[in-house]
Amino acid sequence: MNFKRIAATALPALAFALMPSASLATTSTTVFSATVDQNCNFTATDTAVPLTLNSDGDTLSGTTDTLTVQCNYGVEVDLAMTVNTNNPEETTNALTVTSGGSALSANSDGHYELGNSSGVAKDFTLGLSAAQSSSTQLAPGDYEYTVVMTLVAS
(Lines give C-alpha, C1' and ligand atoms only; values in the text may rest on other atoms or scores of the structure.)
Protein backbone atom coordinates (compact mmCIF):
# COMPACT_ATOMS: atom_id res chain seq x y z
CA MET A 1 0.00 0.00 0.00
CA ASN A 2 2.80 2.36 0.73
CA PHE A 3 4.18 1.70 -2.72
CA LYS A 4 0.85 2.70 -4.29
CA ARG A 5 0.68 5.81 -2.18
CA ILE A 6 4.24 6.78 -3.11
CA ALA A 7 3.59 6.04 -6.79
CA ALA A 8 0.37 8.08 -6.76
CA THR A 9 2.15 11.00 -5.17
CA ALA A 10 5.34 10.76 -7.25
CA LEU A 11 3.67 10.26 -10.61
CA PRO A 12 2.38 13.85 -11.02
CA ALA A 13 5.73 15.25 -9.81
CA LEU A 14 7.56 12.99 -12.27
CA ALA A 15 5.27 14.04 -15.13
CA PHE A 16 5.81 17.72 -14.25
CA ALA A 17 9.57 17.21 -14.20
CA LEU A 18 9.51 15.54 -17.63
CA MET A 19 7.60 18.43 -19.33
CA PRO A 20 9.63 20.49 -21.82
CA SER A 21 11.07 23.56 -20.17
CA ALA A 22 9.65 25.90 -22.86
CA SER A 23 6.15 25.16 -21.71
CA LEU A 24 7.04 26.44 -18.24
CA ALA A 25 8.62 29.72 -19.35
CA THR A 26 6.57 32.88 -19.54
CA THR A 27 7.65 36.31 -20.68
CA SER A 28 6.62 39.77 -19.78
CA THR A 29 7.44 42.96 -21.66
CA THR A 30 7.52 46.26 -19.83
CA VAL A 31 7.66 49.51 -21.78
CA PHE A 32 8.83 52.67 -20.06
CA SER A 33 7.90 55.86 -21.91
CA ALA A 34 7.48 59.57 -21.41
CA THR A 35 6.77 62.64 -23.47
CA VAL A 36 8.86 65.71 -22.79
CA ASP A 37 7.11 68.79 -24.07
CA GLN A 38 9.02 71.57 -25.76
CA ASN A 39 9.55 74.31 -23.23
CA CYS A 40 10.76 77.76 -24.14
CA ASN A 41 10.91 81.03 -22.22
CA PHE A 42 11.48 84.17 -24.26
CA THR A 43 11.83 87.58 -22.60
CA ALA A 44 10.90 89.59 -25.68
CA THR A 45 7.67 91.48 -25.49
CA ASP A 46 6.04 93.77 -27.99
CA THR A 47 8.03 96.97 -27.61
CA ALA A 48 8.93 100.09 -29.52
CA VAL A 49 12.61 100.78 -30.12
CA PRO A 50 13.60 104.38 -30.88
CA LEU A 51 15.67 104.93 -34.01
CA THR A 52 18.53 107.42 -33.93
CA LEU A 53 19.57 109.51 -36.92
CA ASN A 54 23.33 109.51 -37.57
CA SER A 55 25.35 112.72 -37.84
CA ASP A 56 25.27 112.64 -41.66
CA GLY A 57 21.48 112.55 -41.55
CA ASP A 58 21.25 109.59 -43.92
CA THR A 59 20.85 106.54 -41.65
CA LEU A 60 18.46 105.58 -38.88
CA SER A 61 19.50 102.82 -36.47
CA GLY A 62 18.35 101.20 -33.28
CA THR A 63 18.96 98.15 -31.11
CA THR A 64 16.70 96.29 -28.71
CA ASP A 65 17.53 95.79 -25.07
CA THR A 66 18.99 92.36 -24.34
CA LEU A 67 16.57 89.59 -25.23
CA THR A 68 16.87 86.23 -23.50
CA VAL A 69 15.73 82.83 -24.67
CA GLN A 70 15.87 79.66 -22.56
CA CYS A 71 14.57 76.48 -24.19
CA ASN A 72 15.03 72.76 -23.74
CA TYR A 73 15.87 72.51 -27.46
CA GLY A 74 18.02 74.41 -29.95
CA VAL A 75 16.38 77.43 -31.53
CA GLU A 76 16.93 79.74 -34.43
CA VAL A 77 15.46 83.22 -34.87
CA ASP A 78 13.44 83.92 -37.99
CA LEU A 79 12.91 87.61 -38.79
CA ALA A 80 10.29 89.23 -40.97
CA MET A 81 10.32 92.99 -41.56
CA THR A 82 7.52 95.21 -42.82
CA VAL A 83 8.19 98.78 -43.84
CA ASN A 84 5.44 101.28 -43.17
CA THR A 85 4.14 102.36 -46.57
CA ASN A 86 3.66 105.91 -45.24
CA ASN A 87 7.39 106.44 -44.62
CA PRO A 88 8.45 109.72 -46.24
CA GLU A 89 11.22 108.04 -48.17
CA GLU A 90 12.32 104.57 -49.29
CA THR A 91 15.34 103.24 -47.42
CA THR A 92 17.76 100.35 -47.69
CA ASN A 93 17.17 98.26 -44.57
CA ALA A 94 19.29 95.75 -42.68
CA LEU A 95 18.58 93.60 -39.64
CA THR A 96 21.27 92.25 -37.33
CA VAL A 97 21.20 89.65 -34.58
CA THR A 98 24.07 89.94 -32.12
CA SER A 99 24.99 87.40 -29.45
CA GLY A 100 28.04 87.45 -27.22
CA GLY A 101 29.24 90.66 -28.87
CA SER A 102 29.33 89.11 -32.34
CA ALA A 103 26.89 89.55 -35.19
CA LEU A 104 25.31 86.28 -36.29
CA SER A 105 24.86 85.46 -39.96
CA ALA A 106 21.69 83.96 -41.35
CA ASN A 107 22.05 80.29 -42.29
CA SER A 108 20.91 78.75 -45.57
CA ASP A 109 17.32 78.69 -44.27
CA GLY A 110 17.43 82.43 -43.56
CA HIS A 111 17.35 81.85 -39.79
CA TYR A 112 19.86 83.07 -37.22
CA GLU A 113 21.25 80.20 -35.14
CA LEU A 114 21.53 81.26 -31.50
CA GLY A 115 23.64 78.26 -30.51
CA ASN A 116 21.74 77.79 -27.27
CA SER A 117 22.09 74.69 -25.12
CA SER A 118 19.13 72.90 -23.59
CA GLY A 119 18.04 74.71 -20.45
CA VAL A 120 20.73 77.39 -20.68
CA ALA A 121 19.70 81.03 -21.13
CA LYS A 122 21.06 82.72 -24.26
CA ASP A 123 21.16 86.51 -24.65
CA PHE A 124 21.00 88.38 -27.92
CA THR A 125 19.96 91.73 -29.39
CA LEU A 126 18.18 92.70 -32.56
CA GLY A 127 19.29 95.74 -34.53
CA LEU A 128 17.84 97.62 -37.47
CA SER A 129 19.40 100.20 -39.76
CA ALA A 130 17.61 102.12 -42.48
CA ALA A 131 19.75 104.17 -44.84
CA GLN A 132 18.96 106.65 -47.59
CA SER A 133 20.35 104.99 -50.69
CA SER A 134 21.65 108.08 -52.49
CA SER A 135 23.87 109.33 -49.62
CA THR A 136 21.71 112.38 -49.12
CA GLN A 137 19.89 113.20 -45.94
CA LEU A 138 16.62 111.47 -45.19
CA ALA A 139 13.48 113.45 -45.89
CA PRO A 140 11.76 114.79 -42.77
CA GLY A 141 8.89 112.78 -41.32
CA ASP A 142 8.02 109.70 -39.30
CA TYR A 143 9.67 106.40 -40.23
CA GLU A 144 8.38 103.07 -38.96
CA TYR A 145 9.54 99.49 -39.43
CA THR A 146 7.94 96.41 -37.87
CA VAL A 147 10.03 93.30 -37.20
CA VAL A 148 8.44 90.02 -36.16
CA MET A 149 10.75 87.50 -34.48
CA THR A 150 9.78 83.84 -34.50
CA LEU A 151 11.67 81.12 -32.64
CA VAL A 152 12.10 78.02 -34.77
CA ALA A 153 13.35 74.65 -33.49
CA SER A 154 16.72 73.88 -35.02
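Please explain the overall build of the protein chain as it appears in this structure.
Secondary structure summary: the protein chain contains one helix and ten strands in total. A buried classification covers 21% of the 154 residues belonging to the protein chain. Counted over contacts in the protein chain with a minimum sequence separation of 6, partners at least 24 positions apart contribute 80%. Summing over all exposed atoms, the protein chain offers an accessible surface of approximately 10,800 Å²; the carbon and sulfur share of this is 52%.

How should the sheet that holds strand β8 (residues 112–113) be read in this particular structure?
Strands belonging to one sheet form pairs held by backbone hydrogen bonds; the direction of such a pair is parallel or antiparallel. Judged by pairing direction, the sheet is antiparallel, and its three strands sit side by side in the order β8-β5-β10 without closing on themselves. Each end of this open sheet is capped by a strand with a single partner; those strands are β8 and β10 (145–153). Bridge count for strand β5 (residues 75–83) against β10 is nine bridges, and the pairing is antiparallel. Among the inter-strand pairings, V83 is bridged to a residue of β10, identified as Y145.

Help me out: how do you make sense of the pairing of strand β6 (residues 92–99) in this one?
Moving residue by residue along a regular strand, the side chains alternate between the two faces of the sheet. Across seven bridges, the pairing between β6 and strand β9 (residues 122–131) is antiparallel. Residue pairing across strands places L95 opposite L128, the latter belonging to β9. Pairing between β6 and strand β7 (residues 102–104): three bridges, direction antiparallel. Bridge pairing in β7 links V97 to L104. Remark: two residues form the turn of the hairpin made by β6 and β7, two consecutive strands paired antiparallel; G100 in that turn has positive phi of roughly 65 degrees.

Whenever I open this one, the side chain of T59 confuses me. Can you help?
Here T59 is to be found in strand β3 (residues 59–63). By relative accessible area, which is 19% here, T59 ends up buried. Within the local environment of T59, its side chain forms a polar contact with the side chain of D58, the two groups lying 3.2 Å apart. When residues no more than four places from it in sequence are discounted, the contact partners of T59 are T52, L53, N54, S129, A130, A131 and L138.

How should the environment of K122 be read in this particular structure?
Within the secondary structure layout, K122 lies in strand β9. For the pair formed by K122 and S99, sequence separation is 23 residues and the distance between their alpha carbons is 8.0 Å. Those residues in contact with K122, other than ones at most four positions away along the chain, are L67, T68, V69, S99, L114, G115 and N116.

Please explain the side chain of T68 as it appears in this structure.
As for its placement among the helices and strands, T68 is situated in strand β4 (residues 67–71). A polar atom in the side chain of T68 sits 2.7 Å from the side chain of D123. Setting aside its immediate chain neighbours within four residues, T68 contacts N41, F42, T43, A121, K122 and D123.

Rules used in this analysis
Residues numbered from 1 in each chain as written. Predicted model: local features only at pLDDT ≥ 70, side-chain atom pairs only at ≥ 80, totals over all residues. Heavy atoms only, no water. Helix = DSSP H or I, 4+ residues; strand = E, 2+ residues; numbered from the N terminus. Buried < 20%, exposed > 50% of the residue type's maximum accessible area, 1.4 Å probe, protein only. Contact = heavy atoms within 4.5 Å. Areas by Shrake-Rupley, 256 points an atom, 1.4 Å probe, with all protein chains shown as cover. Pairing = 2+ DSSP bridges. Polar contact = N/O pair within 3.5 Å; in protein donor to acceptor, adjacent residues only side chain to side chain.

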